[in-house]
Amino acid sequence: MHSFHYNDGYLHCESVNLETIAQQHGTPTYVYSSETIRNNYQNLATALAAIDHGIEYAVKANSNISILRLLVEMGSGFDIVSGGELYRVIKAGGDPAKCTFAGVGKTREEISYALQQGIYCFNAESEAEVEFINTVAKDLGLTAPVALRVNPNVDAKTHKYISTGKAENKFGIDFEHIEAAYQRASELSHVNLRGLQMHIGSQLTSVTPFIEAVKKVSPLAQKLKDLYEIEFFSIGGGIGIVYDPCLESGSQQWWDSQEKGPITPQQYAQGVLPYLKDLGLKILVEPGRYIAGNAGVLLTECLYEKKGTAKTFKIVDAGMNDLIRPALYEGHHEIVPLRENTSGQTLPVDVVGPICETGDFFCQNRELADFQQGDYIALLSAGAYGFVMASNYNTRGLPAEVLVDNANARVIRKRQSVEEIIDSEL
Ligand code: LLP
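Every value quoted in this text rests on a predicted model; they were computed, and no experiment measured them.

Asks: How should the overall build of the protein be read in this particular structure?
Replies: In terms of helices and strands, the protein carries 14 helices and 21 strands. Taking 22 Å as the expected radius of gyration for a compact globule of 426 residues, we find that the protein reaches 22 Å, a close match to that expectation. Principal axes of the C-alpha set define a box for the protein whose edges measure 70 × 55 × 40 Å. When burial is assessed residue by residue, the protein has 57% of its 426 residues classed as buried. A separation threshold of at least 6 residues defines the contact pool for the protein, and within that pool the share at least 24 residues apart is 69%. Of the roughly 17,700 Å² of accessible surface on the protein, a fraction of 48% belongs to carbon and sulfur atoms. Positive and negative charge centroids in the protein, built from 36 and 52 side chains respectively, lie 2 Å apart.

Asks: For this particular structure, what's the right way to read the packing of helix α7 (residues 178-186) against helix α8 (residues 208-228)?
Replies: Packed helix pairs are specified by the crossing angle of their axes together with the interaxial distance, meaning the distance between the axes. At a minimum axis distance of 12 Å, the contact between α7 and α8 shows a crossing angle of 20°. The angle between α7 and α8 places the two elements in the roughly parallel class. In the packing of α7 onto α8, the handedness of the crossing is right-handed. Between α7 and α8, the contacting residues are Ile-178, Glu-179, Tyr-182, Gln-183 and Ser-186 on the first element and Leu-220, Lys-223, Leu-224 and Tyr-228 on the second. Partitioned by chemical class, the residues of the contact of α7 with α8 number five nonpolar, two polar and two charged.

Asks: For this particular structure, what's the right way to read the sheet that holds strand β3 (residues 16-17)?
Replies: Sheet strands pair via backbone hydrogen bonds, and the direction of the pair is either parallel or antiparallel. Reading across from one edge, β1-β2-β3 is the order of the three strands in this open sheet, with antiparallel pairing throughout. A strand with exactly one partner marks an edge of an open sheet, and here the two such strands are β1 (4-7) and β3. In this structure, β1 lies alongside strand β2 (residues 10-13), joined through four bridges in antiparallel fashion. Paired with Asn-7 across the strands is Tyr-10, a residue of β2.

Asks: I'm lost on the domain arrangement of the protein in this one. Help?
Replies: In many analyses, interface size is given as the accessible surface area lost on bringing the parts together. Examined at the domain level, the protein breaks down into domain 1 (4-13 + 21-28 + 294-422) and domain 2 (103-285). With centres defined by C-alpha atoms, the gap from domain 1 to domain 2 works out at 33 Å. Counting from both sides, the interface comprises 15 residues of domain 1 and, opposite them, 12 residues of domain 2. The three residues of domain 1 that bury the most area against domain 2 are Asn-294, Tyr-329 and Ser-381, which together make up 37% of that side's buried surface. Summed over the shared surface of domain 1 and domain 2, the number is zero salt bridges. Scanning the region where domain 1 abuts domain 2 turns up three residue pairs in polar contact (both at pLDDT 80 or more). For the side of domain 1 that touches domain 2, the elements supplying multiple residues, two or more each, are β1 and α13 (325-329). Here the residues of the side of domain 1 that touches domain 2 sort into eight nonpolar, four polar and three charged.

Asks: Where do I start with helix α4 (residues 83-91) in this structure?
Replies: Counting along an α-helix, one turn takes 3.6 residues, and residues three or four places apart therefore face a common direction. For α4, the set of buried residues is Gly-83, Glu-85, Leu-86 and Val-89. Axial view of α4: buried residues confined to an arc of 160°, hence all on one face. The inward-facing, buried residues of α4 contact α3 (65-74), β6 (77-80), β7 (99-101) and α5 (108-117). Gly-93 sits one or two residues past α4 and shows a positive phi near 90°.

Asks: Whenever I open this one, the side chain of Ser-82 confuses me. Can you help?
Replies: Relative to the helices and strands, Ser-82 resides in the loop between β6 and α4. Only 3.0 Å separates the side chain of Ser-82 from the backbone nitrogen of Glu-85, close enough to count as a polar contact. If we ignore the near neighbours within four places in the chain, the residues touching Ser-82 are Phe-101 and Glu-110.

Asks: I would appreciate a short explanation of the environment of Lys-106 in the present structure.
Replies: Inspection of the secondary structure assignment puts Lys-106 in the loop between β7 and α5. Taking the relative accessible area as the measure of exposure, Lys-106 reaches 8% and is therefore buried. Excluding residues that lie within four positions of it along the chain, Lys-106 makes contacts with Phe-101, Ile-111, Phe-122, Asn-123, Ala-124 and Glu-129. Only 2.8 Å separates the side chain of Lys-106 from the backbone oxygen of Gly-103, close enough to count as a polar contact.

The rules behind the values
Residues numbered from 1 in each chain as written. Predicted model: local features only at pLDDT ≥ 70, side-chain atom pairs only at ≥ 80, totals over all residues. Heavy atoms only, no water. Helix = DSSP H or I, 4+ residues; strand = E, 2+ residues; numbered from the N terminus. Rg over C-alpha atoms; globule rule 2.2 N^0.38 Å. Buried < 20%, exposed > 50% of the residue type's maximum accessible area, 1.4 Å probe, protein only. Contact = heavy atoms within 4.5 Å. Areas by Shrake-Rupley, 256 points an atom, 1.4 Å probe, with all protein chains shown as cover. Lys, Arg positive; Asp, Glu negative; His and termini not counted. Charge placed at Lys NZ, Arg CZ, Asp CG, Glu CD. Axes fitted to C-alpha atoms, helices over the stretch in contact; angles between N-to-C directions. Parallel < 35°, antiparallel > 145°, perpendicular 65-115°, else oblique. Left-handed = near helix turned anticlockwise from the far one by under 90°. Nonpolar A, V, L, I, M, F, W, Y, C, P; charged D, E, K, R; others polar. Pairing = 2+ DSSP bridges. Domains from an automatic or database assignment. Buried area = accessible area lost by both parts, 1.4 Å probe. Salt bridge = Lys/Arg side-chain N within 4 Å of Asp/Glu carboxyl O. Polar contact = N/O pair within 3.5 Å; in protein donor to acceptor, adjacent residues only side chain to side chain. Arc of directions from axis to C-beta.

Encoded structure:
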């Protein structure tokens, strides 16, 4: 489900006209729908209702504290990957006791902070890390709840940069070594083995790799429960969303494609639950993109048109520093005008940003409704891994963020000024 529709010829988010937001707050600006976030969360919770489960929203996907607050209200837990993300969750009113802490390179400061805040569990990614967590806990006179992340060596069939569950990826402990690692961890004085975790990759567009992974790892979870009384098995995140409706859903239009998705929560649950329901463990999931991805758009204004001998370029005021997914993963984002194209006419264009890099484009040779200097367009499915990956490259301020709730639009992050960028430089 999603909350972006044309209404009287103008693109709206819920009941708010996006052109009004662009005019009031300038561009580039990210706009998010509260309704879509709540609905996505609720749909996943409903699909998993048959088992004892917990949703740990992956904060990295969109970490604005107003978004986190929405998820706190929904009852979500949080998967964090840094001390900074834990700090945000706490600021948003989240409960550290509902946080899992992932990532291959946790520092002493981060481990101490998380221990002192009383997080639910560290998801440790190497034996060296478990030993270090034990040392830090001992120094503080505390016991650290720990799960090990297993690398099941399953191909998620996604982009190579967001594939994490193959033996050649840096994540987790090899399936072949995991039982011995638990055995050694069980002997550490300040570690309490609480669970097992895996995450095979992001933007999965088929349930098959998820099924393959749970089928392979469930017997291990059972064994670890019997041996060490672990209480949870986290199967990670990774549910994909529709970026390109033709590719990922068979629909022609982004608007119609969202219900079906590449994977619905029901299909996901039907695929994995048979292997999980009899384990007697709490099952955790760590969705990021599924919750926030189609809940956000990036608004940008067309600055210039340049007709070359080979191409027509539409130069817009958002760049790869604002949304890096096309440059980094060859990611596709649908591009639509804020004023509806009723003629149905299109022409092939490259939409490019102002950054001095050839890779700074949002599409190439794509048939789009024509738009001119001063017109606004929206890049769709930009709610996850959008703003959070933005940078100051070319000394450009971070974009503004606006959260819509029904007819109300609220700035949840001010546009960054150049003064703010250089303030901390000496
Ligand atoms: N759990 C762990 C341990 C993860 O590493 C991730 C994502 C998630 C959960 C959430 O995955 P999701 O449900 O969002 O697929 N920047 C990339 C995606 C990087 C994903 C990193 N890890 C992109 O824009 O496609």
